[in-house]
Number of protein chains: 2
Amino acid sequence: MRDLDAQETYLVDRMGVAFELRDLVGSGPTPQGPYAGPYGVVGLGEGWWAARLAQDWAAEFTHSGTQFVLEGGYDLGEGGLYAAASGAEIVRLGWREHVEVELLPSPLSSYRYLRFLLLATGQSDQLARIDGALLAERDRLRPEVGLDKNPAKFLAYSLLERTPMFVVPRRYPGLAEALQQVLARIGKSLSFTPPPSALEFFLTALEARHEQGDPIAAVLLGDDERKRVAQEILESRVDTLIELPEPEAEGTLAKALAYWYRLAWTAYYLALLYGVEPGDWEALEHLRQAT
Amino acid sequence: MRDLDAQETYLVDRMGVAFELRDLVGSGPTPQGPYAGPYGVVGLGEGWWAARLAQDWAAEFTHSGTQFVLEGGYDLGEGGLYAAASGAEIVRLGWREHVEVELLPSPLSSYRYLRFLLLATGQSDQLARIDGALLAERDRLRPEVGLDKNPAKFLAYSLLERTPMFVVPRRYPGLAEALQQVLARIGKSLSFTPPPSALEFFLTALEARHEQGDPIAAVLLGDDERKRVAQEILESRVDTLIELPEPEAEGTLAKALAYWYRLAWTAYYLALLYGVEPGDWEALEHLRQAT
């Protein structure tokens, strides 16, 4: 097995994903000043999670103020999207030619879309909380921190040769899917998440699996009554059960981003353990041809 | 391999799930008359999908009119749920003692929750479209129809010993998860669904899987540009690719329910092929003890 504390393990990272992870906080486009409210935020492709998170404080569409369209790259356009926002100033973020704000595709772009939105809507305090949480995570997750003190390295070893199932509290909208995404794009790994009403799912979908298929690693986020019950049911039904304690952060949004960032680091280490390139430039190039 | 056209294959259905499937249309509680609007609909546990579908024409919470709470059984209660709806008449559906409308737990209860909601809010025309679509599906999916003319039986054979991945157009909210649920609870099978921004996911999560793990069966719903691209990418990355043409039905809601019903029949046949009980009474009993 490859050693995450040995330098040669990192040679497979030809595109420098470690640097992008390390320098994530503060990266991405910065708005010149706040845009006029009310706000609408709609997200396609890579922009989907930032848009979902923004539903806490913005509508999907607005007919006055500012309509943000997080184009997100490779998803297929939706007809009528712009018509729905007529009357508002339209600000498109993405990487196609016509955009107002350029934002290049990346497995980590969720942070950059969200950062722009928070700054553009006068919520720099929210962003500061997120950034603080991410920097705290980074301090303990970066490659220089040895396995014995590095939760992301440790988690990567636990997920190796297993299929992770992310069990995420409802108060983190979209986080489970965001984790699925980052584990795929950086870690080149398949993972899944149970549907709502997960308890019945655990009892039925996993029962038959007992003697077949890949071993499943249940990754439980948060710490509430629901997690306790899930844990009790899952214990005898999965190969291993991993609890991820809540990040030290103020507010749900900062906690969600910190969780996501931790799994992004984990995905990075997982790619290294599999000996595959953690970057996904080639995959994106493929997509550019197909769409 | 078991024969879905042979009577002895059906002996494993001790609880008569085939009858529940056959008699689904028109089943469940019927409201005495319409309730006063405006409407709020919130759903927990098994009630989640009906509540999600209702977002098309109802808010989540209302302070006047009628607040429907689809309790859905085994999910864990949410504090503050009822406080949020103060001012409205509260109508609880579910199986606990205090409910206004009794609705027993079942893998098929999504239909019954939705049926009640549509009748209670004066949308019997919508329900008629759904019922018509379901009856049309039933005519070709029931056990008496032989394999050569029965798409659900055929699909069940295709999914056998494979892990289905449901790729569902965005216009069907919650359908992918509803399919995951029904395949688990009736078919005792694990399935998954890609996160939003699925194209990058296909290219990265499935690449590494090529030589390991369970064979994946991609099940593609709908027929649009997005499906064409997904198909092109998936062709070389999954074990088999199955296209499910849109049901003959009027409107997105009826189409969504028809798709779901078709997969419920498929899950039933899949359980028979695995030789396991398609009912999940035992699983639910388990849950009753744990929660």
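Residues numbered from 1 in each chain as written. Chains lettered and ligands numbered in written order. Predicted model: local features only at pLDDT ≥ 70, side-chain atom pairs only at ≥ 80, totals over all residues. Heavy atoms only, no water.

Residues and elements named next belong to chain B. Relative to the assigned elements, Pro169 resides in the loop between strand 5 (163-167) and helix 6 (175-185). Relative accessible area serves as the criterion here: at 4%, Pro169 is assigned to the buried category. A C-alpha to C-alpha distance of 8.6 Å links Pro169 and Asp223, two positions 54 residues apart in sequence. Leave out the neighbours within four places in its chain, and Pro169 touches Leu221, Gly222 and Asp224. (Helix = DSSP H or I, 4+ residues; strand = E, 2+ residues; numbered from the N terminus. Buried < 20%, exposed > 50% of the residue type's maximum accessible area, 1.4 Å probe, protein only. Contact = heavy atoms within 4.5 Å.)

For the rest of this paragraph, the subject is the domain arrangement of chain A. Residue and element names in this part refer to chain A. By domain assignment, chain A separates into domain 1 (39-121) and domain 2 (144-281). For domain 1 and domain 2, the distance between their C-alpha centroids amounts to 27 Å. With 11 residues of domain 1 at the interface, the matching set in domain 2 holds 15 residues. Summed over both sides, the interface between domain 1 and domain 2 buries roughly 1200 Å², with carbon and sulfur atoms accounting for 77% of that surface. Looking at the side of domain 1 facing domain 2, the largest losses of area belong to Trp48, Trp49 and Pro107, adding up to 49% of the total buried there. (Domains from an automatic or database assignment. Buried area = accessible area lost by both parts, 1.4 Å probe.)

Our focus in this paragraph is helix 3 (residues 109-120) of chain A. Residues and elements named next belong to chain A. Over its 12 residues, helix 3 runs 16 Å from end to end, which matches the ideal 16 Å to within 8%, given 1.5 Å per residue. For helix 3, the buried fraction is high: 11 of the 12 residues fall into the buried class. For helix 3, the set of buried residues is Ser109, Ser110, Tyr111, Arg112, Tyr113, Leu114, Arg115, Phe116, Leu117, Leu118 and Ala120. Positive backbone phi, approximately 70 degrees, marks Gly122, located one or two places after helix 3. (Expected span 1.5 Å × (residues − 1).)

Pairing is possible between side chains of opposite charge, provided their charged atoms come close. All names here are of chain B. A complete count under the given rule lists 35 salt bridges over all chains for this structure. Taking the shortest distance from any N to any O, the salt bridge between Asp23 and Arg22 comes out at 2.9 Å. Given the relative accessible area of 37%, Arg22 is considered partly exposed. Residues Arg162 and Asp239 are paired through a salt bridge, measuring 2.6 Å at the closest nitrogen-oxygen approach. Here Arg162 is found in the loop between helix 5 (151-159) and strand 5, whereas its partner Asp239 is found in the loop between helix 8 (225-234) and strand 7 (240-244), with 77 residues between them in sequence. Look at Arg162 and you get partly exposed, because its relative accessible area is 26%. When its relative accessible area of 44% is taken as the criterion, Asp239 is described as partly exposed. (Salt bridge = Lys/Arg side-chain N within 4 Å of Asp/Glu carboxyl O.)

This part takes up the relation of the copies chain B and chain A. When chain B is fitted onto chain A, the two copies agree to an RMSD of 0.0 Å after a turn of 180 degrees and an axial shift of 0.0 Å. In the structure described here, the two chain copies are related by an operation that fits a two-fold rotation axis. Mapped onto chain A, 100% of the interface residues of chain B are again interface residues, and the two copies thus contact each other with one and the same surface. (Least-squares fit on C-alpha atoms with pLDDT ≥ 70 in both.)

Residue and element names in this part refer to chain B. With parallel pairing, 4 strands are arranged side by side in an open sheet as 1-2-3-4. For this open sheet the edge positions go to strand 1 (39-43) and strand 4 (101-102), each flanked by a neighbour on one side alone. Summarising the sheet, strand 1 and strand 2 (residues 66-70) pair through 5 bridges and their orientation is parallel. By the bridge assignment, Gly43 is partnered in strand 2 with Leu70. Here helix 3 (residues 109-120) sits on the sheet and contacts strand 1, strand 2, strand 3 (89-94) and strand 4; the angle it forms with strand 2, its principal contact strand, is near 170 degrees. (Pairing = 2+ DSSP bridges. Axes fitted to C-alpha atoms, helices over the stretch in contact; angles between N-to-C directions.)

Under the defined criterion, the tally for this structure stands at 22 aromatic pairs over all chains. Ring geometry for Trp265(A) versus Tyr269(A): centroids 6.0 Å apart, planes at 25 degrees, classification stacked. With a gap of 4 residues between them, Trp265(A) and Tyr269(A) both fall in helix 9 (residues 252-274), about one helical turn apart. On the basis of an interplanar angle of 80 degrees and a centroid distance of 6.4 Å, the ring pair of Phe68(B) and Phe116(B) is categorised as edge-to-face. Of this pair, Phe68(B) sits in strand 2 while Phe116(B) sits in helix 3; the two residues are 48 residues apart in sequence, bridging distant segments of the chain. Per residue, the accessibility class of Phe68(B) equals that of Phe116(B), and both read buried. (Phe/Tyr/Trp six-rings, centres within 6.5 Å; stacked < 30°, edge-to-face > 60°.)

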